[in-house]
Amino acid sequence: MGDGESETFEFKVESLSVINNNFHLNKETFFHELINNAFKALDKIRYERQTELEAQFIRLVPHKVNKTLSIIDNGIGMTKTDLVHNLGRSSQLGVGFYSAFLVANKVMVTTNHNHHDQYTWESQGGASFIVTKDSSGQQLRKGTKTTLFLKEDQLEYLEETRIKDLVKKHFQFTSYPIYLWTEKEKFVDIVSEQFRNRIPDDLTFSIMGKLPLKSIKRFGCVCKSWVSLLENPNFMTIFRNNFLSNHRSYYDDTVLLLCQSLNTNITETHHENLFLLSGEKFQNRVKLDWPNLFQEQNLANSHIDILGHASINGILCVNNRYSTIGLWNPTTEELKIIPPSPNKFVPSNLVYSADPCGFGYDRDTDDYKVISHVQFLLFDDNDNWNRENEHRNPLWEIYSLRSNSWKNLEIDVDVPLSDRVDYLYLDGMCHWQGGDYLVSFDLSNEVFFTTPIPLEIPSDRIRYEYDVTLVLLNVSVALISHFMYCSTFNISILGEVGVKESWTKLFIVEPLPYILHSIGAGKKGDIFFRSKDDELVR
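Here's a quick rundown of the structure. None of these values were measured; they are calculated from a predicted model.

**Digging into the overall build of the protein**
Step number 1: In terms of helices and strands, the protein carries nine helices and 32 strands.
Step number 2: In the protein, which comprises 538 residues, the proportion classed as buried is 46%.
Step number 3: When contacts within the protein are restricted to residue pairs at least 6 apart in sequence, those whose partners lie at least 24 apart make up 54%.
Step number 4: On the protein, roughly 28500 Å² of surface is accessible, and the fraction owed to carbon and sulfur atoms is 48%.

**Quick word on the sheet that holds strand E14 (residues 316-319)**
Step number 1: One open sheet accounts for four strands, arranged E13-E14-E15-E16; its pairing is antiparallel. In the strand order of this sheet, the two ends are held by strand E13 (305-306) and strand E16 (334-337), each with one partner.
Step number 2: Two elements, E14 and strand E15 (residues 325-329), share four bridges in a ladder whose sense is antiparallel. Its bridge partner being in E15, Asn-319 is matched across the sheet by Ile-325.

**With respect to the pairing of strand E25 (residues 447-452)**
Step number 1: Pairing analysis gives six bridges linking strand E24 (residues 437-442) to E25, with the strands arranged antiparallel. Counted as the bridge partner of Ser-440 is Phe-449 from E25.

**Concerning the environment of Ala-55**
Step number 1: Residue placement: Ala-55 occurs in the loop between helix H2 (29-47) and strand E2 (58-63).
Step number 2: On the basis of relative accessible area, Ala-55 is assigned to the exposed category, the value being 58%.
Step number 3: Once the C-alpha coordinates of Ala-55 and Tyr-176 are considered, the two residues, 121 residues apart in sequence, prove to be 8.9 Å apart.

**Notes on the sheet that holds E2**
Step number 1: Read across the sheet, nine strands follow the order E1-E6-E5-E4-E7-E3-E2-E8-E9 without closing on themselves; strand pairing throughout is mixed. Edge positions in the open sheet fall to strand E1 (6-10) and strand E9 (187-189), since each of these has one partner strand only. Taking each pair of neighbouring strands and ignoring which way they run, the sheet shows an average axis angle of 20°.
Step number 2: Against the sheet, helix H4 (residues 160-170) contacts E2, strand E3 (68-73) and strand E8 (178-181), and its axis sits at roughly 170° relative to E8.

**Quick look at the pairing of strand E22 (residues 423-426)**
Step number 1: In E22, alternate side chains face the same way, and those of Tyr-423 and Tyr-425 on one face and Leu-424 and Leu-426 on the other are all buried.
Step number 2: In terms of strand pairing, E22 meets strand E23 (residues 429-434) through four bridges, oriented antiparallel. Paired with Leu-426 across the two strands is Met-429, which belongs to E23.
Step number 3: As consecutive antiparallel partners, E22 and E23 are separated by two residues, and within that stretch Asp-427 has a phi angle of approximately 50°, a positive value.

**Observations concerning the pattern of salt bridges**
Step number 1: The final tally for this structure, using the stated rule, is 14 salt bridges.
Step number 2: Where Lys-64 meets Glu-183, a salt bridge forms, and the shortest distance between an N and an O atom there is 3.2 Å. Pair noted here: Lys-64 is in the loop between E2 and E3 and Glu-183 is in the loop between E8 and E9, with a separation of 119 residues, a long-range link.
Step number 3: In this structure, the salt-bridge partner of Arg-162 is Glu-156, at a minimum N-O distance of 2.7 Å.

**Observations regarding the environment of Gly-360**
Step number 1: Inspection of the secondary structure puts Gly-360 in strand E17 (residues 350-362).
Step number 2: You can call Gly-360 buried: its relative accessible area is 0%.
Step number 3: Sequence separation between Gly-360 and Tyr-425 is 65 residues, and the spatial gap between their C-alpha atoms is 6.0 Å.
Step number 4: Beyond its immediate stretch of four places on either side in the chain, Gly-360 contacts Ile-312, Asp-367, Tyr-368, Lys-369, Tyr-425, Cys-430 and Leu-443.

**What about the nonpolar core?**
Step number 1: Counting residues in hydrophobic clusters, the biggest one holds 43 residues, and the most contacted among them are Leu-60, Trp-121 and Ile-178.
Step number 2: Tallying contributions element by element places H2 first for this core, with seven residues.
Step number 3: Look past the residues within four positions of Trp-121 in its chain and what remains in contact with it is Phe-11, Leu-83, Leu-87, Phe-97, Phe-101, Val-107, Met-108, Val-109, Phe-129, Ile-130 and Val-131.
Step number 4: Counting residues in each nonpolar core, the second largest holds 26 residues, with Trp-396, Ile-398, Leu-409 and Tyr-423 among its members.

**Here's the deal with the side chain of Asp-367**
Step number 1: The topology assignment puts Asp-367 in strand E18 (residues 367-379).
Step number 2: The buried charged residue Asp-367 lacks any salt bridge partner; its closest oppositely charged side chain belongs to Lys-369, at an N-O distance of 5.0 Å.
Step number 3: A distance of 3.2 Å separates a polar side-chain atom of Asp-367 from the backbone nitrogen of Leu-401.
Step number 4: Excluding its chain neighbours within four sequence positions, the residues that come into contact with Asp-367 are Gly-360, Tyr-361, Asp-362, Ser-400, Leu-401 and Arg-402.

**Considerations on the state of the cysteines**
Step number 1: Within the structure shown, the criterion is met by zero disulfides.
Step number 2: Summary of cysteine pairing: Cys-317 is not part of a disulfide, and the nearest cysteine sulfur, belonging to Cys-430, is at 9.6 Å.
Step number 3: For Cys-317, a relative accessible area of 1% translates into the label buried.
Step number 4: We note that Cys-357 lacks a disulfide partner, and the nearest cysteine sulfur, in Cys-430, lies 9.5 Å from it.
Step number 5: Take Cys-357: its relative accessible area is 0%, and that puts it in the buried class.

**Points about unusual backbone geometry**
Step number 1: A positive phi is found at Glu-185, a non-glycine position, where the angle reads about 60°.
Step number 2: Along the chain, Glu-185 falls in the loop between E8 and E9.
Step number 3: Judged by relative accessible area, Glu-185 falls into the exposed class, the value being 60%.
Step number 4: In this structure, Asp-366 takes a positive phi of about 50° despite not being glycine.
Step number 5: Looking at where Asp-366 falls in the secondary structure, it is placed in the loop between E17 and E18.

What counts, and where the lines are drawn
Residues numbered from 1 in each chain as written. Predicted model: local features only at pLDDT ≥ 70, side-chain atom pairs only at ≥ 80, totals over all residues. Heavy atoms only, no water. Helix = DSSP H or I, 4+ residues; strand = E, 2+ residues; numbered from the N terminus. Buried < 20%, exposed > 50% of the residue type's maximum accessible area, 1.4 Å probe, protein only. Contact = heavy atoms within 4.5 Å. Areas by Shrake-Rupley, 256 points an atom, 1.4 Å probe, with all protein chains shown as cover. Pairing = 2+ DSSP bridges. Axes fitted to C-alpha atoms, helices over the stretch in contact; angles between N-to-C directions. Salt bridge = Lys/Arg side-chain N within 4 Å of Asp/Glu carboxyl O. Core = buried A, V, L, I, M, F, W, Y, C linked by side-chain atoms within 4.5 Å. Lys, Arg positive; Asp, Glu negative; His and termini not counted. Polar contact = N/O pair within 3.5 Å; in protein donor to acceptor, adjacent residues only side chain to side chain. Disulfide = S-S within 2.5 Å.

Right under this line is the structure:
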């Protein structure tokens, strides 16, 4: 211990709990965890390019007289703040560092961060720890030395053969040498050169950061460190940058459709104007004429919806409140009115009500399809719609452009309906939000999948307190969630349909106090919002 000024700190409750509640673990856990921490320190200094070709290493020094085992690395080291937070106040370490108390009565950590002041951390595993500025003269150039004062029944970890066996068991594959101070009073490299092929983190980050989220999740089974890649801030920075820069060709020449709703109080009518936005900043605006789907009703421009708010190969699926659906190409002005479903012809006391939920392209059959949910409404004596009738159960139906016909789907699961207008199509699948689920429909196999929404969004509060928008962001299904009473937006992307754990929070955007809610995403990762003064912003 140095002769500098000392400060005593209390362990955070969670950290103290880890120390006290993990003595049932295998004692040798400490060896793996502490050396793994040394690897991370070496990786970090390599990643931050703070070393100039200096040989990086880990040294193990057993001292039988003092009954101590020291683990030394010349990695990144820690500042005083790091010592206090990482070794005493952080609950994120898990068993990690605290596993040292499985075999030691006292632990001392001496560390120097990049040639700054050297500090010593000391604890006997009680409720507190001491941090001292170390001016003993035994300075580390940089790095960390962790010394364990072993318990009487744990002195086996001072034996050369035991240490070599542990290194062989846990660290056979490593890119850094591990030296052991032997009884011959010299350091010996105990990791055979032929096995020293551990992939450095900077190379891992560079390669893995270019992969899709689904692949990163799956490769977590390769090694322990890859499991937590998405929790590593350095890796996430690389992954976000690659995510935003990838797939830009997918958005080349993209234009936006802006639907502007107009209400006229005098005539009590509702009209919607459609604009085509183009240009680098979408500064060019051209008004489009809606196709007249409703010649018989003479209700043109009234409550027209674009299913999915995006075109599939230039084709839009549009529909109105009267269950009329059309496939429209705004460029060629071609319009295909989809024939009515056979389900529409019902007894006079029932009304057929269709809710289109998806439109997309089936590559396997070169076909465009529309999926719709159908209800049969009963008109009661009080002129109210009543969905609780005993005559016809709700059903799902699908339209094929190739056959120009509808058919009913045989569904044996409860498929949530969408109470929003966020519909997406991506790679042969239609997606929509149904309650606290993302619902996905495979157009080729004609099967449904459901994926629970991200855990940070309380399912019972989505409708009333959260604004959740489903968007297509750089060729990924994404959710933009926003608590209505604050100005922070969370953006999560889906790695794999049907896998709840594959949602990954990619961005936290804050603060945006002038934003009312999110609208959707455009090209090159642009995200569009509606401002409180009713303007479109990105």
